[in-house]
Every structure is written in structure tokens, then in C-alpha cells.
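Summary of the model geometry
What follows is the residue order along each chain.
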Amino acid sequence: MAVRDFEAAARATLDPVHADFIAGGAHDEITVRANEAAFRRLRLLPRVLRGSAERELGVELPGARARMPVLLSPTAFHRLLVPEGEVAAARAAASAGALMIASMASTVAIGEVAEAARKAAPDGEQPALWFQLYIQPDLEITEALVRRAADAGCQALVVTVDSPVHGTHERNRRNGFHDLPPGLRCENLVDLRDGESGHVRQIVMSPEISWTQVDWLRRITDLPVLLKGVLHPEDARLAVRHGVDGLLLSNHGGRQLDTVPATLELLPEIAAAVGGRIPVILDGGVRRGTDVVKALALGASAVGIGRPVMWALADGGEAGVGRLLELLRDEVDDALALCGATGVRDVGPELVRPPAPPGRVPGSWDGGPV
Ligand SMILES: Cc1cc2nc3c(=O)[nH]c(=O)nc-3n(C[C@H](O)[C@H](O)[C@H](O)COP(=O)(O)O)c2cc1C
Ligand SMILES: O=C(O)C(=O)c1ccccc1
């Protein structure tokens, strides 16, 4: 079993329009492919004779602790895939001790998602749950959303900043997929402010959102604030200066600006810009335990997965996501053991190498006299 088996299984059952919604990216999908390709290119160079009987897989993140370094990046519209929607993902995450970032564009209200997570978590464990936010130009609406997330018990806000406009997904355009089908809606946006019961607002993506609103958000909430979608090292430095509590280094799975670099390629530069002052979490193209170890080695505190969660949900609901997380947990543990590492904090850049250049390998025997 591998993550790619979940994709194949999901494709066998999913409406092809929904499969395209999940798989698709912006325009030519160059960045979609680049994310996975960057992991495939990089090589691991293990240490030997220095491991331990068990690996420490737990991570401390702003406001939350998780039992594994793989978290669920925010993804919209889970009820397209299974009737329980986000509740199924939240239960599986809480049982596995994985952090879930609930999407603002969730088809179950954040209060219900949090309640499901609490019930599924082992006794005495607080489920790790963050809320993803698109700052709305109407700050009263934004504040009401923040209050809903805080009241639900979310431990941090993840502000997605790579979406000043909607990404152009040509597959959706070709398929005529523009909205949720009747009966499903963005439940977090129901009955916000305008009183009219049952009224659902549209999520507004606005190019006018700036650091001013990020500063404002930091003033109106005590929750840690992370930014998702910072790619430029200069913006990473600005984020630190604005008192942001963490970065989710993400290109939205190649769904916003096409042709941006793979997140793994940017990681060393972003980690250097941040200089350990705040955690950097990476997502985009993570499909194997070895991918997780590569990202950790290059400076990530944890990694996120997007599409794999959608495939696992489509394939088997809560149980499917449970199997996916168990698989990745085992793969990470295995890769760390094979690297001679005692845990997620025991890996550094010395464990990765670029592939050898094509042609003759330096230092190898060239066929001449020995
Ligand atoms: C179907 C789908 C829906 C998504 N919805 C959201 C969302 O609501 N908010 C958000 O910030 N990112 C969203 N993303 C981006 C993910 O959070 C994440 O950055 C990306 O999927 C990671 O790449 P991966 O799919 O290769 O793991 C979505 C991605 C997919 C595939
Ligand atoms: O598809 C996406 O990537 C995404 O971020 C999104 C946001 C809002 C509604 C639906 C999808």
C-alpha cells in the first residue's frame, strides 16, 4: 500500500469532475508536477550505527502538539466525497494524533468539526486543530469567523495569503464545475452578521488584503497566526517582523500562480530567511515517508498533505484517512530508522544530496588501469 494507491482507488469511485477538482492545478499545472518532482530528484544520504529502538515522531507547533510530523493541510468541500465530510477527516486525524487545519471553505461548521475531533481523540488528549482563514475585506465578517474558530477551540489561525484572486483551474472550467451542488454549502459562512437566517456568504478573495489586515488580525485575537503561501524570502522576513507565529510554505499545491518553484526547492532559502525564529511547515507533493524526512532535513518543522487526504476520504471516509495516516506514520518511522535518526529533530541538511550530475560520476573508475 502506498499513497498513490489511494489516488487510484479514489479515481475508481469518484465522479471524474470531482477527481479533476482535486487533482487539478492552475493553468498548465507546471507547479503541480514540480512539487512531486523536486522530492524525487533529491537523494537521502543516511548515517549508520547511531539509531535508537524507537523514533520520536511528535512535534510541538504553535498552540498544539501532534503525535506525528504530517498534518492535514486545509482542503475545501469534503462532503463532495463522503456524507460526513470534514467530520470523517477530523475523527481520523484526532485518533492518529495528527494536526488538522480545517478549511474556511468547509462543508461542516467548525464547531461540529471540533466536537467530532474531541470525541475521537484518546482520553486526556486535546486534538490539534487549526483554522484556515481567507481574510475578508469586510473585517466584521472576518472577526465573526475568527470568533467562531476560537469558540470551537481551534488553537491557531492559518491565513492563506496566496489567493488575492481565485486560481484558474482549466479542468474545472472545461468540466463546468464552479460551485457546490445543491444541498452542500460553506457552513462557516452561514448566518454571518446579516441576520437573514440560512444566508450563506460567498468567500471573497481580495487583492487589497495587505500587512495592515494581518496586523489587525494579530490585535483582535490571542491565537497564534500563521501565514500560508509565503514563497518569497523577503516576505518571510517581513512575516517575522510583523510578529507572525509560523509559516506554511506552500504554493497551494500548484493551484494559484502556475510556474512558481516547488516548495521543497524554496525550503532552504525560506528556512535561512526565518533563521529558526518561527517554525516553517511545508506542503506540496508530499507522498512518501522519505519526502517527509527530506523536508524535515532541510528545515521544516512538519509537513502538510492536501490531495492524499481527499483521495483517502473518497476511498474510505474516516477509515480511509485513518489508513493513510497510519501508512505515512510507518513510512516516516521507517525512513528515520534507515537514516540512523532517533526522531524528527535528529535530521539535518547533511542527510540530503542533490543527484549526481549526468555522465561520469566523480571519483568512479573510468575503465583505465587500476
Ligand atoms: C481540492 C483542494 C482544495 C483545497 N482547498 C484549500 C482551502 O480551502 N484553503 C487553502 O488554504 N488551501 C486549500 N488547498 C491547498 C492545500 O491546503 C495544500 O496547500 C495543497 O493541497 C498541498 O499540496 P498537495 O495536494 O500536493 O499535498 C486545497 C487543495 C486541494 C487539492
Ligand atoms: O481549490 C482550492 O485550492 C481552494 O483553495 C478552494 C478555496 C475555496 C473554495 C474551494 C476551493
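An unreviewed UniProt entry lists the protein under the name Alpha-hydroxy-acid oxidizing protein, from Streptomyces boncukensis. UniProt, in the comment section headed Sequence similarities (unreviewed entry), describes the protein in these words: "Belongs to the FMN-dependent alpha-hydroxy acid dehydrogenase family." Under Cofactor (unreviewed entry), UniProt gives the following word-for-word description of the protein: "FMN".

1. A word on the UniProt feature "binding site: glyoxylate" (unreviewed entry) in the protein
Taken from the UniProt record, the annotation "binding site: glyoxylate" (unreviewed entry) applies to Gln-132, Tyr-134, His-252 and Arg-255. Examined against the element boundaries, His-252 turns out to sit in the loop between strand E9 (246–249) and helix H10 (263–274).

2. Topic: the nonpolar core
The biggest cluster of nonpolar side chains holds 111 residues, and the ones touching the most others in it are Ala-98, Met-100, Ala-117, Leu-157 and Leu-247. The element that contributes the greatest number of residues to this core is helix H12 (residues 307–338), accounting for 13 residues. The residues contacting Leu-157, other than those within four sequence positions of it, are Trp-130, Phe-131, Leu-133, Val-146, Ala-149, Thr-221, Leu-223 and Val-225.

3. With respect to the UniProt feature "active site" (unreviewed entry) in the protein
In this numbering, the UniProt entry assigns the feature "active site" (unreviewed entry) to His-252. Taking the number of C-beta atoms within 10 Å as the measure of exposure, His-252 has 24 and is therefore buried. Setting aside its immediate chain neighbours within four residues, His-252 contacts Asp-162, Gly-167 and Gly-229.

4. Re the site of ligand 1
Around ligand 1 there are 24 residues in total, and Ser-73, Ser-103, Gly-253, Gly-306 and Arg-307 lie nearest to it. Elements supplying a minimum of two residues to the shell around ligand 1: helix H2 (16–23) and H12. Of the residues contributing to the shell around ligand 1, the split by class is eight nonpolar, 12 polar and four charged.

5. A few points about the packing of helix H1 (residues 3–13) against H12
Packing of H1 against H12 leaves a shortest axis separation of 7 Å and a crossing angle of 110°. Comparing their axes, H12 and H1 come out roughly perpendicular. Of the two possible hands of crossing, H1 and H12 adopt the one that is right-handed. Here Val-3, Phe-6, Glu-7, Ala-9, Ala-10 and Thr-13 of H1 lie close against H12, whose contacting residues are Pro-308, Trp-311, Ala-312, Ala-314, Asp-315 and Leu-324. Residue classes in the contact of H1 with H12 are distributed as nine nonpolar, one polar and two charged.

6. Points about the site of ligand 2
Around ligand 2, the neighbouring residues are Ala-76, Phe-77, Ala-105, Ile-203, His-252 and Arg-255. In terms of residue class, the shell around ligand 2 is made up of four nonpolar, one polar and one charged.

Definitions and cut-offs
Sequence order as written defines the numbering, with residues in each chain counted from 1. Chains and ligands are labelled by the order in which they are written, letters from A for the one and numbers from 1 for the other. It should be noted that, the model being predicted, local features are given only for residues of pLDDT at least 70 and side-chain atom pairs only at 80 or more, the latter also being counted only at that level, while totals for whole chains, interfaces and linings use all residues. UniProt positions are given in the numbering used here, feature names are shortened, and annotations may be inferred rather than shown by experiment. Under the DSSP-based scheme used, a helix requires at least four consecutive residues in state H or I and a strand at least two consecutive residues in state E, with every element numbered from the N terminus. Under the definition applied here, buried Ala, Val, Leu, Ile, Met, Phe, Trp, Tyr and Cys residues are grouped into a nonpolar core through C-beta atoms within 7 Å. Residue burial here comes from a neighbour count, namely the number of other C-beta atoms, placed from the backbone, that lie within 10 Å of the residue's own C-beta, with 20 or more meaning buried, 12 or fewer meaning exposed, and in between meaning partly exposed. For the purpose of contact definition, each residue receives a C-beta atom placed from its backbone, and two residues are in contact when these atoms lie within 7 Å. Working rule for contacts: place C-beta from the backbone, and if it is within 6 Å of a molecule or strand, that residue counts as near it. For this classification, the nonpolar set comprises Ala, Val, Leu, Ile, Met, Phe, Trp, Tyr, Cys and Pro, the charged set comprises Asp, Glu, Lys and Arg, and every other residue, Gly included, is treated as polar. Fitting a line to C-alpha atoms yields each axis, with helices limited to the stretch in contact; the angle taken between N-to-C directions then spans 0 to 180 degrees. Angle categories are assigned with fixed cut-offs, so that under 35 degrees is roughly parallel, over 145 is roughly antiparallel, 65 to 115 is roughly perpendicular, and the rest are oblique. Handedness of a crossing follows from how the near helix is turned relative to the far one, being left-handed for an anticlockwise turn of less than a right angle and right-handed for a clockwise one.

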